[in-house]
Amino acid sequence: MLGTGAATNAFDDIELARTFLICGCNPTENHPIVGARIKQAVQNGAKLIVVDPRRTELADYADLHLALRPGTT
């Protein structure tokens, strides 16, 4: 999403997802309940990809953390 904090799916879809792609956001800081549900899903076998130059809490749970350097393409 551009310019909005809205989610692209219903929160109940978290338990159904097999893979998460988190780009440039920090759900554990901004939406703690959603962040906790994502962490639980990952602990139950879901895959997690985090794309963020910061090392967020979810990056520690990620199968892949793409820490892009700002200003690069």
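Residues numbered from 1 in each chain as written. Predicted model: local features only at pLDDT ≥ 70, side-chain atom pairs only at ≥ 80, totals over all residues. Heavy atoms only, no water.

Participant: Help me understand the nonpolar core in this model?
Facilitator: If you look at soluble globular proteins, the nonpolar side chains tend to sit buried side by side. Ile14, Phe20, Ile22, Ile38, Leu48, Val50 and Leu58 are the most contacted members of the largest nonpolar core, which totals 13 residues. A total of 4 residues in this core trace back to one element, the largest contributor, which is helix H2 (residues 32–43). For Leu48, the residues in contact, after removing those within four places along its chain, are Phe20, Ile22, Val42, Leu58, Tyr61, Ala62, Asp63 and Leu64. (Core = buried A, V, L, I, M, F, W, Y, C linked by side-chain atoms within 4.5 Å. Buried < 20%, exposed > 50% of the residue type's maximum accessible area, 1.4 Å probe, protein only. Helix = DSSP H or I, 4+ residues; strand = E, 2+ residues; numbered from the N terminus. Contact = heavy atoms within 4.5 Å.)

Participant: Please explain the side chain of His65 as it appears in this structure.
Facilitator: As for its position among the elements, His65 is in strand E3 (residues 64–66). Polar contacts involving the side chain of His65 include one to the side chain of Arg55, which spans 3.0 Å. Ignoring sequence-local partners within four residues, the contact set of His65 consists of Val50, Asp52, Arg54, Arg55 and Ala59. (Polar contact = N/O pair within 3.5 Å; in protein donor to acceptor, adjacent residues only side chain to side chain.)

Participant: Help me understand the pattern of salt bridges in this model?
Facilitator: Here the structure, examined in full by the defined rule, presents 5 salt bridges. The closest approach of N and O atoms between Lys39 and Glu57, which form a salt bridge, is 2.7 Å. Of the two residues, Lys39 is situated in helix H2 and Glu57 in the loop between strand E2 (47–51) and E3; the sequence distance between them amounts to 18 residues. Here Asp60 makes a salt bridge to Arg55, at a shortest N to O gap of 3.1 Å. (Salt bridge = Lys/Arg side-chain N within 4 Å of Asp/Glu carboxyl O.)

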